[in-house]
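Read off the chains here:
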Amino acid sequence: MSRKVTKAVFPVAGMGTRFLPATKSIPKEIMTLVDRPLIQYAIDEARAAGIKEFIFVTSRGKSALEDYFDHAPELESSLRKKGKNDLLDVLETTNMDSGAIAYVRQHKALGLGHAVWCANRLIAPDEPFAVLLPDDVIAAEKPCLQQMTEAYEETGGCMVAAMEVPPEKAKAYGVLDVQEDMGSMVKVKGMVEKPETGKAPSNLAVIGRYILSNKVLQNLSRKQTGAGGEIQLTDAIASEIGSDPGVYGYRFRGQRFDCGSKAGFLQATVAFGLARDELRDEFADYLKHMVALPKAAQ
């Protein structure tokens, strides 16, 4: 049985240029879906999977992200005096215990692989760890990383979350070359980062959830560049293919939203809004009204 995964890395150093001008003053990870920041969805998913230690790879201008996880004594006191215990419970989910969270800086944008490598001194040589990309928000009955950690206990090695994508969109992802298909899991014999159109080895794309061995950090320490001239995490994981126990792809159960894009962020806002009991009816009525407007105009 594999060692339990209790540590996670969150690469949050990106500048969020696709969301300018909003990200001129606030980190993209603080932008909200309904009433929770993107980073809160990632944290909640990690906690559900048993993660106890949280490592954030940040950059200049991310102080609001760090402050978000701190206690707010004045706000808490005000809510307590007003008897707003439901809001106190909401605030509680944003607090981190002392020592549970650490921040390291990525001073140069050299790629996702480099961002993950920046956390290497906080991870023991024999310690598996998870990586969560907050841009990928996954709606699932059982959180995606929890699904993966349960499967990982049987396989060990390295595991990446995978989903099927249309052939024309494969060029935007790292794509798996499958050795053996076992249903929810596949054994991987190759990985191609952003393949040219028509040259993807499968339609299984890697998305932002990983469980990795420390060997991946050792591979990243070589600072070898790949696609786009960046240090690619996919390449470091691919180097473990053929080793024992190897690399696996996990077909998670749930819907992934690419909140790194404006369209994906809007789609997630609609989906999560409709999922809230207190918002569903009013929001659904509004959406129906908006859809009916073009028809009325015709």
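The preceding data block contains the structure.
Computed from a prediction, not measured in an experiment: that's the story for all the values here.

Engineer: Please explain the pattern of salt bridges as it appears in this structure.
Structural biologist: Any two side chains of opposite charge can pair, given that their charged atoms come close. Scanning all chains against the criterion turns up 15 salt bridges. Across the salt bridge formed by Arg280 and Asp277, the nearest N and O atoms sit 2.8 Å from each other. With Arg280 and Asp277 both in helix H10 (residues 277–297), this residue pair falls three residues apart, about one helical turn. It is possible to trace a salt-bridge network through shared partners that takes in Lys7, Glu53 and Glu127.

Engineer: Could you clarify how one ought to interpret the nonpolar core in this entry?
Structural biologist: For soluble globular proteins, the rule of thumb is that nonpolar side chains tend to be buried together. Phe10, Ile39 and Met159 are the most contacted members of the largest nonpolar core, which totals 39 residues. It is helix H6 (residues 144–155) that provides the largest number of residues to this core, a total of five residues. Once residues lying within four places of it in the same chain are set aside, the contact partners of Phe10 are Ile39, Ala42, Ile43, Ala46, Phe54, Ile55, Phe56, Val57 and Leu132. Counting residues in each nonpolar core, the second largest holds 31 residues, with Phe129, Ala162, Leu204 and Val216 among its members.

Engineer: For this particular structure, what's the right way to read a nonpolar patch on the surface?
Structural biologist: Judged by side-chain polarity, Tyr286, Met290 and Leu293 come together as a nonpolar surface patch covering roughly 280 Å² of accessible area. Topologically, Leu293 is positioned in helix H10.

Engineer: Honestly, unusual backbone geometry in this entry has me stumped. Any pointers?
Structural biologist: Excluding glycine, residues mostly have negative phi values, and the peptide bonds linking residues are mostly trans. Of note, the bond from Leu20 into Pro21 is cis; its omega dihedral lies within 30 degrees of zero at 10°. You can see Pro21 is positioned in the loop between strand E1 (7–11) and strand E2 (32–33). The step from Asp244 to Pro245 runs through a cis peptide bond, and the omega angle for that step is 10°. Here Pro245 lies in the loop between helix H8 (233–238) and strand E12 (247–251).

Engineer: Which parts of the structure should I look at to understand the side chain of Arg256?
Structural biologist: The topology assignment puts Arg256 in strand E13 (residues 255–258). Note on Arg256: relative accessible area 17%, which makes it buried. Within the structure, Arg256 has its side chain in polar contact with the side chain of Tyr173 (distance 2.9 Å). The residues touching Arg256, leaving out its near neighbours within four places in the chain, are Asp136, Val137, Ile138, Met163, Tyr173 and Ile207.

Engineer: Would you mind showing me how to read the side chain of Lys62 here?
Structural biologist: Of note, Lys62 is situated in the loop between strand E4 (53–58) and helix H2 (63–68). A distance of 2.8 Å separates a polar side-chain atom of Lys62 from the backbone oxygen of Gly14. Look past the residues within four positions of Lys62 in its chain and what remains in contact with it is Val12, Ala13, Gly14, Pro27, Lys28 and Glu29.

Engineer: For this particular structure, what's the right way to read the packing of aromatic side chains?
Structural biologist: The geometry of an aromatic ring pair is captured by two quantities: the separation of the ring centres and the angle between the planes. The final tally for this structure, using the stated rule, is eight aromatic pairs. Relative to Phe265, the ring of Phe19 lies with its centre 5.7 Å away and its plane at 65°, an arrangement referred to as edge-to-face. In this pair, Phe19 is assigned in the loop between E1 and E2 and Phe265 in helix H9 (residues 262–274), connecting sequence segments 246 residues apart. Take Phe265: its relative accessible area is 10%, and that puts it in the buried class. Ring plane angle 80° and centroid distance 5.1 Å describe the contact between Tyr68 and Phe69, whose orientation is recorded as edge-to-face. Counting every residue linked through ring pairs, the aromatic cluster contains Phe10, Phe54, Phe56, Tyr68, Phe69 and Tyr103. We note Arg36 situated over the ring of Tyr41; from NZ or CZ to the ring centre the distance is 4.0 Å.

Here is what the cut-offs are and how they apply
- Residues numbered from 1 in each chain as written.
- Predicted model: local features only at pLDDT ≥ 70, side-chain atom pairs only at ≥ 80, totals over all residues.
- Heavy atoms only, no water.
- Salt bridge = Lys/Arg side-chain N within 4 Å of Asp/Glu carboxyl O.
- Helix = DSSP H or I, 4+ residues; strand = E, 2+ residues; numbered from the N terminus.
- Core = buried A, V, L, I, M, F, W, Y, C linked by side-chain atoms within 4.5 Å.
- Buried < 20%, exposed > 50% of the residue type's maximum accessible area, 1.4 Å probe, protein only.
- Contact = heavy atoms within 4.5 Å.
- Patch = residues over 30% accessible without salt bridge, like charges linked within 9 Å, V, L, I, M, F, W, Y side chains within 5 Å.
- Areas by Shrake-Rupley, 256 points an atom, 1.4 Å probe, with all protein chains shown as cover.
- Polar contact = N/O pair within 3.5 Å; in protein donor to acceptor, adjacent residues only side chain to side chain.
- Phe/Tyr/Trp six-rings, centres within 6.5 Å; stacked < 30°, edge-to-face > 60°.
- Lys NZ or Arg CZ within 6 Å of the ring centre and 35° of its normal.

Distances and angles like these do not, on their own, reveal function.
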